[in-house]
Amino acid sequence: MKSKIRKIKIFKVEEFNLLFTKLIKNTHLNNSIIDLSLVNIDFVFSKVLKLNDLFIRNNKSLVIVSLQKSNDKINIAPTLIEAEDIIEFEEIERDLKSL
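Report on the accompanying structure.

Calculation notes
- Residues numbered from 1 in each chain as written.
- Predicted model: local features only at pLDDT ≥ 70, side-chain atom pairs only at ≥ 80, totals over all residues.
- Heavy atoms only, no water.
- Helix = DSSP H or I, 4+ residues; strand = E, 2+ residues; numbered from the N terminus.
- Buried < 20%, exposed > 50% of the residue type's maximum accessible area, 1.4 Å probe, protein only.
- Lys, Arg positive; Asp, Glu negative; His and termini not counted.
- Salt bridge = Lys/Arg side-chain N within 4 Å of Asp/Glu carboxyl O.
- Polar contact = N/O pair within 3.5 Å; in protein donor to acceptor, adjacent residues only side chain to side chain.
- Contact = heavy atoms within 4.5 Å.

Our focus in this paragraph is the side chain of glutamate 90. Turning to its location among the elements, glutamate 90 is positioned in helix H3 (residues 80–97). Among buried charged residues, glutamate 90 stands out as having no salt bridge; its nearest opposite-charge side chain is arginine 94, 4.1 Å away. A polar side-chain atom of glutamate 90 sits 2.8 Å from a polar atom in the side chain of asparagine 75. In this view, glutamate 90 contacts Ser61 and Asn75; residues no more than four positions away in its chain are not counted.

And the structure:
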């Protein structure tokens, strides 16, 4: 079963900061893709790590679209299609673990 994926395109660091504030207070998260391809990820990386931890604790996936940085702690994909694939794989993995 394919789950809902929230896709968010960020154009400025300020937009990401507003999104961060909203998501960190949210008690109901969906699998999400945040497209940071137009933002220098270094300016928001610490907040991305915090969001990633929040999503993991809530059994959801977070994928960042960016060409700038790779990291083994968070899911970063160069394209939206690859980000969707990562979420689909993680959903399958969670489904298999629940059997």
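Before going further, it helps to examine the pattern of salt bridges. With the rule as written, the count across this model stands at four salt bridges. Ionic pairing is found between aspartate 35 and lysine 9, a salt bridge with its closest N-O pair at 3.2 Å. Of the two residues, aspartate 35 is situated in strand S2 (residues 31–35) and lysine 9 in strand S1 (residues 5–9); the sequence distance between them amounts to 26 residues. A relative accessible area of 14% places aspartate 35 in the buried class. Glutamate 91 is the partner of arginine 94 in a salt bridge, and the nearest nitrogen-oxygen pair spans 2.7 Å. Of the two residues, arginine 94 and glutamate 91 both sit in helix H3, three residues apart, roughly one turn of that helix. Residue arginine 94 shares its accessibility class with glutamate 91, and that shared class is buried.

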